[in-house]
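# Report on the structure
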Amino acid sequence: MKIIKKHLSSFLTGICSVLLSLLGFSCSSSQEEPDYPCMYGMPTGSFEIKGTVTDENGEDVVNAEIRVCPHTEPSYLTNLTDKTDAVGNYTISSHNILHMAKVVCIPEQGDLEPDSIVVELEYKDRDKYADTWYRGHAEKNVDFILKSKNKNKE
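Now for a quick tour of the structure. Please read these numbers as outputs of a predicted model, since none were measured by experiment.

Take the overall build of the protein next. A count of helices and strands for the protein gives 2 helices and 8 strands. Start at the N end of the protein and walk to the C end: the helices and strands fall as α-β-β-β-β-β-β-β-β-α. Every one of the 154 residues in the protein was classed for burial, and the buried ones make up 27%. Partitioning the contacts of the protein with sequence separation of at least 6, the portion at a separation of at least 24 is 64%.

See below:
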């Protein structure tokens, strides 16, 4: 009788483990815009920060590194990075919630000063999915005009 109870207990434990695993996997969607928001774990949302980087003369700054990191709030989000393209444009997006972000621009050219700015992200479409944890989508345009290091020394 003890052996049957032990096997039955192991079987039921295995079934429960599989069901809990399926619950977790069902929520990890790889689609860009899901038809419904994920309700497992924590609130969801998305944001996009984009812009251009130029120097004081209006010339495009190519290959500058752009970093977006959380500012003044605990977050699981690590630094997101991108490089500017041939005309100085960049785009950084994430499927996380971030209300205050620090955007840092580090030029590849050594004669330009790095720059940074703190921005607030405002999420829209929050009511699109009533009674859910979905917080919406935020977009922010952040342009940098980098100063020359040589001018600052004079």
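Anyway, onward from the coordinates.
As a further point, take the sheet that holds strand β5 (residues 100-106). Spatial strand order, β3-β2-β5-β6: 4 strands in an open sheet with antiparallel pairing. For this open sheet the edge positions go to β3 (80-83) and β6 (115-120), each flanked by a neighbour on one side alone. Pairwise comparison of adjacent strand axes, ignoring direction, gives a mean angle of 20 degrees for this sheet. As paired strands, strand β2 (residues 65-70) and β3 are joined by 4 bridges and run antiparallel to one another. Along β3, the bridge assignment pairs Val 68 with Leu 80.

Phe 47, Ile 49, Val 68, Val 103 and Phe 144 are the most contacted members of the largest nonpolar core, which has 23 residues in total. Among the elements of the structure, β1 (44-55), β2, β4 (89-94), β5 and β8 (144-146) are those that each provide at least two residues to this core.

The next thing to look at is unusual backbone geometry. The phi dihedral of Asn 63 falls on the positive side, at around 65 degrees, and the residue is not glycine. Take Asn 63: it is sitting in the loop between β1 and β2. For Asn 63, a relative accessible area of 28% gives the class partly exposed.

A separate point is the pairing of β2. As paired elements, β2 and β5 share 6 bridges and run antiparallel to each other. Along β5, the bridge assignment pairs Cys 69 with Lys 102.

We now examine the side chain of Ser 46. Tracing the backbone shows Ser 46 in strand β1. If we skip the residues at most four places from it in the chain, Ser 46 touches Ser 94, His 95, Asn 96, Tyr 123, Gly 136, His 137 and Ala 138.

A word on a nonpolar patch on the surface. A cluster of nonpolar side chains, Leu 8, Phe 11, Leu 12, Ile 15 and Leu 19, forms an exposed patch at the surface whose accessible area comes to about 500 Å². In this structure, Ile 15 sits in helix α1 (residues 2-27). What makes Ile 15 partly exposed here is its relative accessible area of 38%.

What counts and what doesn't
- Residues numbered from 1 in each chain as written.
- Predicted model: local features only at pLDDT ≥ 70, side-chain atom pairs only at ≥ 80, totals over all residues.
- Heavy atoms only, no water.
- Helix = DSSP H or I, 4+ residues; strand = E, 2+ residues; numbered from the N terminus.
- Buried < 20%, exposed > 50% of the residue type's maximum accessible area, 1.4 Å probe, protein only.
- Contact = heavy atoms within 4.5 Å.
- Pairing = 2+ DSSP bridges.
- Axes fitted to C-alpha atoms, helices over the stretch in contact; angles between N-to-C directions.
- Core = buried A, V, L, I, M, F, W, Y, C linked by side-chain atoms within 4.5 Å.
- Patch = residues over 30% accessible without salt bridge, like charges linked within 9 Å, V, L, I, M, F, W, Y side chains within 5 Å.
- Areas by Shrake-Rupley, 256 points an atom, 1.4 Å probe, with all protein chains shown as cover.
- Salt bridge = Lys/Arg side-chain N within 4 Å of Asp/Glu carboxyl O.

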